[in-house]
Amino acid sequence: MHVSEKKGILFKDKTELFVDASGLKNREAIITHAHSDHAKTSATNTYYLTPETASLIGAEEKGVSVKKIPFGKKFKLNEFECSFHSSGHILGSAQLKVSNGVDVVLTSDFKLQKSILFEPAEILPSNILVIESTFGLPKFSFPERENVYEDMMRWMHANISKKNFVVLGGYATGKAQELTKIVNEFLRETPLVHKKIFDQNRIYEKEGVKLGDYLELNHNLNESNVLIVPPSMINGHLLLALQHQLGRNVEAAIATGWNNYSKYKTFPLSDHADFNSLLHYVKESAPKMVLTTHGFESEFARQVTRRLGIPARPLSRHGQKTLGEFSS
């Protein structure tokens, strides 16, 4: 079996298995989760995904052909036996186990911290591990999530006590739902949320994830002390407009693993594994070979080989994609 990057991630033997791929026509393919850089759909294809992912991407509304597979259920796609396992990333996000003489695990995006919404990813044993390395540098070390929640609560409470209006930035699918829950659980406030977030919140609730109360933003700024929006919306123009309309000071913070929003406060609340969690997954999975993908793939591959003594290579590197030599 070979694995490579081709329009996504490709497993190939006598037949082909595409994962999180784009540009396909008249194919069967797999989608690991609902974020747009992984869920690239076309009306000509049929997609295997979890029921929750199908809901988040609006598959039925778009007329996309899907086969909904719950976590842990084995399914056959061409010559490959597959199964989905929770990745702890967002609602319905899955790791993929592929077996065809070799057990290959593709983590896709994952985290090993328990959150207010989800349990950590299940660590899967593997012969070959294809692991995302978004935060694959030693400098990326995230604090315990409970500590981040406490810091956020203190910051928001202090601002609201000063009569300030609080704006929180988080991705509309995944992070914003956690922020909604945090504001309810720790601050006892009902936040206003952007329409994109409102729609995804509804889907989370439909799938059984309780978030608490929230209101769709609709000319009702005075109904709450907190507004949750996608991070791309947070800028000086928005904050100035809010301040002018509300007649009160506005403070903003962004929940992200990337500390590159220097103008605004950031909270290190990531839906990905940090460096130590990546190494921990590799060690516990005990593969014979590691292939890294996304982010700092070359740097993390070197760290895996140096620290754990396991052969590791970036998936994107040409000519290093044959798995058969590592399967014995």
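Preceding block: the structure.
Residues numbered from 1 in each chain as written. Predicted model: local features only at pLDDT ≥ 70, side-chain atom pairs only at ≥ 80, totals over all residues. Heavy atoms only, no water.

J.: I would appreciate a short explanation of the overall build of the chain in the present structure.
T.: When helices and strands are tallied, the chain shows 8 helices and 19 strands. Scaling as 2.2 N^0.38, a compact globule of 328 residues should have a C-alpha radius of gyration of about 20 Å, and the chain matches this with 21 Å. Each principal axis of the C-alpha distribution contributes one length, and for the chain these read about 65 × 45 × 30 Å. In the chain, 59% of the contacts between residues at least 6 apart in sequence involve partners at least 24 apart. Put simply, the chain shows about 14700 Å² of open surface, and 47% of that area lies on carbon and sulfur atoms. (Helix = DSSP H or I, 4+ residues; strand = E, 2+ residues; numbered from the N terminus. Rg over C-alpha atoms; globule rule 2.2 N^0.38 Å. Contact = heavy atoms within 4.5 Å. Areas by Shrake-Rupley, 256 points an atom, 1.4 Å probe, with all protein chains shown as cover.)

J.: I keep staring at the side chain of Asn159 and nothing clicks. Help me out?
T.: Looking at the element boundaries, Asn159 is found in helix H3 (residues 145-161). On the basis of relative accessibility, which here comes to 8%, the residue Asn159 falls in the buried class. Ignoring any residue separated from it by four or fewer positions in sequence, one finds Asn159 in contact with Asn164, Val166 and Glu251. (Buried < 20%, exposed > 50% of the residue type's maximum accessible area, 1.4 Å probe, protein only.)

J.: I would appreciate a short explanation of the packing of aromatic side chains in the present structure.
T.: Pairs of aromatic rings are described using the distance from one ring centre to the other and the angle between the two planes. Tallied over the full model, the rule gives 13 aromatic pairs. Judged by centre distance (6.1 Å) and plane angle (55 degrees), the ring pair of Phe118 and Tyr204 falls under tilted. With Phe118 in the loop between strand E10 (103-106) and strand E11 (128-133) and Tyr204 in helix H5 (residues 195-206), this residue pair connects regions lying 86 residues apart in the sequence. When its relative accessible area of 17% is taken as the criterion, Phe118 is described as buried. Given the relative accessible area of 0%, Tyr204 is considered buried. Plain terms: the ring middles of Phe275 and Phe300 are 5.9 Å apart, the flat faces sit at 85 degrees to each other, and that makes the pair edge-to-face. (Phe/Tyr/Trp six-rings, centres within 6.5 Å; stacked < 30°, edge-to-face > 60°.)

J.: Would you mind showing me how to read H5 here?
T.: Helical periodicity: at 3.6 residues per turn, an α-helix aligns residues three or four positions apart in one direction. For H5, built from 12 residues, the straight-helix expectation of 16 Å at 1.5 Å per residue is met to within 8% by its first-to-last C-alpha distance of 17 Å. Within H5, burial applies to Ile197, Phe198, Gln200, Asn201, Ile203 and Tyr204. In the stretch just after H5, Gly208 is the one whose phi turns positive, near 95 degrees. (Expected span 1.5 Å × (residues − 1).)

J.: Any chance you could explain the side chain of Asn45 here in plain terms?
T.: If you trace the backbone, Asn45 turns up in the loop between strand E4 (28-30) and strand E5 (46-49). Not counting chain neighbours up to four residues away, the residues in contact with Asn45 comprise Leu24, Lys25, Asn26, Arg27 and Ser65.

J.: Help me understand the sheet that holds strand E17 (residues 265-267), please; the structure alone is not making it clear to me.
T.: Neighbouring strands of a sheet are bound in pairs by backbone hydrogen bonds; such pairs are parallel or else antiparallel. An order of E14-E13-E15-E12-E16-E17 is seen for the 6 strands of this open sheet, with the pairing classed as parallel. Both edges of this open sheet fall to strand E14 (215-216) and E17, since each of them pairs with a single strand only. As paired elements, strand E12 (residues 165-169) and strand E16 (residues 250-255) share 5 bridges and run parallel to each other. Within E16, the position partnered with Phe165 by the bridge is Val250. Sheet contacts for H3: E12, strand E15 (226-229), E16 and E17; angle to E12, the most-contacted strand, approximately 150 degrees. (Pairing = 2+ DSSP bridges. Axes fitted to C-alpha atoms, helices over the stretch in contact; angles between N-to-C directions.)

J.: Sorry if this is basic, but what is going on with the pairing of E10 here?
T.: Two faces belong to every sheet, and in a regular strand the side chains alternate between them. Summarising the sheet, strand E9 (residues 94-99) and E10 pair through 4 bridges and their orientation is antiparallel. Each residue of the ladder has a partner; that of Val98, found in E10, is Val104. In this antiparallel pair of consecutive strands, E9 and E10, the connection spans 3 residues, and Gly101 shows a positive phi of 90 degrees. With 3 bridges joining them, E10 and E11 adopt parallel strand pairing. Residue pairing across strands places Val105 opposite Leu129, the latter belonging to E11.

J.: Would you mind going over the environment of Leu117 with me for this structure?
T.: Positionally, Leu117 belongs in the loop between E10 and E11. Leu117 gets classed as buried once you look at its relative accessible area, which sits at 17%. Leu117 sits 64 residues away from Lys181 along the chain, and the two C-alpha atoms are 7.9 Å apart.

J.: I'm lost on helix H6 (residues 236-246) in this one. Help?
T.: Of the residues making up H6, those classed as buried are Leu238, Leu239, Leu242 and Leu246. Across the axial projection of H6, the buried residues extend over an arc of 95 degrees, all falling on one side. Exposed residues lying more than 90 degrees from the buried face of H6 are His237, Leu240 and His244. Where H6 is buried, its residues meet E12, E15 and E16. The N-cap of H6, judged by a side-chain oxygen 3.0 Å from the amide nitrogen of His237 a few residues on, is Asn235. Just downstream of H6, Gly247 is the residue with a positive phi angle, here 70 degrees. (Arc of directions from axis to C-beta. Polar contact = N/O pair within 3.5 Å; in protein donor to acceptor, adjacent residues only side chain to side chain.)

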